[in-house]
Amino acid sequence: MSHPTLLIVAKAPVAGLAKTRIAQTIGDEAAAELAAAALLDTLDAAAAVGWPLVVAMTGDLTQAARFGEITEALREPTLIEQRGDGLGQRIAHAHADADGGRGVVQVGMDTPQVTVEDFLDAGRLVDAGHRTIGLADDGGWWLLGLPDGADAAALADVPMSQADTGALTEAALGDVAHIAVRRDMDTWDDAQAIAAELPISRVAAVVGALS
């Protein structure tokens, strides 16, 4: 049986460019380490599902924190470049580029606490033909599942990273199914809360070393 493609939309964890809000509290280098840890934890969860895995990346990985670990973790997934001007366009293009004909389940790298069960829940809904969203507790969304990757074109003009992004995304897509609400890792408080939720993880190790 074929399955949806798992898509991770990611940004190279480069000091000074990654997790800039968190960097205001812990500094650029530490914020990049935390971003790298979040990406690696997310890749672990996605790889464990066993479905086709695509990573849509932006930024210079050669300058990234944990470059060696990330390079090793990206050996099996298909790596593609993000394209488009704004984040909405880049997400839309990534879905279209990643879809292998069975739909797409997409996350970013801000919810390293994502589990195999989360992916399976979304995959079942996508297999049943439902557009699926996992809302974030800050008003955005952390997961998007689409039976047809081309449907993500509706997101091209949706403003991202604001308090009504989730609602605007739902309005753009029409009828959607929901899975669990999760907390995005946007602030140091978020990072600490996620680390407590995910104590055996790279993210927890970075947070613990800095606390």
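To be clear, the structure that these remarks concern was listed above.
Since we're looking at a predicted model, the values are computed, not measured. (Residues numbered from 1 in each chain as written. Predicted model: local features only at pLDDT ≥ 70, side-chain atom pairs only at ≥ 80, totals over all residues. Heavy atoms only, no water.)

Engineer: So what exactly am I meant to see when it comes to the environment of Arg183 here?
Structural biologist: Relative to the helices and strands, Arg183 resides in the loop between strand E7 (177-182) and helix H7 (188-197). Accessibility expressed as a relative area gives 30% for Arg183, which makes it partly exposed. When the C-alpha atoms of Arg183 and Asp138 are compared, they prove to be 7.4 Å apart, with 45 residues separating the residues in sequence. Beyond its immediate stretch of four places on either side in the chain, Arg183 contacts Asp110, Thr111, Gln113, Asp137, Asp189, Asp190, Ala193 and Ile194. Among the polar contacts made by the side chain of Arg183, one reaches the side chain of Asp190 at a distance of 2.7 Å. (Helix = DSSP H or I, 4+ residues; strand = E, 2+ residues; numbered from the N terminus. Buried < 20%, exposed > 50% of the residue type's maximum accessible area, 1.4 Å probe, protein only. Contact = heavy atoms within 4.5 Å. Polar contact = N/O pair within 3.5 Å; in protein donor to acceptor, adjacent residues only side chain to side chain.)

Engineer: Honestly, the layout of surface pockets in this entry has me stumped. Any pointers?
Structural biologist: Any empty space left between the atoms is revealed when a probe the size of a water molecule rolls over them. Here the largest pocket is characterised by a volume of approximately 930 Å³. Residue lining of the largest pocket: 33 residues in total, with Lys19, Leu87, Asp110, Ser161 and Asp186 positioned closest to the centre. Counting residues per element, the ones that place at least two in the lining of the largest pocket are strand E1 (5-11), helix H1 (20-26), helix H4 (87-98) and strand E6 (141-146). Of the residues in the lining of the largest pocket, the class split is 14 nonpolar, 11 polar and 8 charged. (1 Å grid on protein atoms, 1.4 Å probe; cavity = no way out; pocket = protein on both sides within 12 Å on 5 of 7 lines; lining within 4 Å. Points joined across faces, edges and corners; volume = space filled by probe spheres on them. Nonpolar A, V, L, I, M, F, W, Y, C, P; charged D, E, K, R; others polar.)

Worth remembering: the numbers are spatial, not functional.
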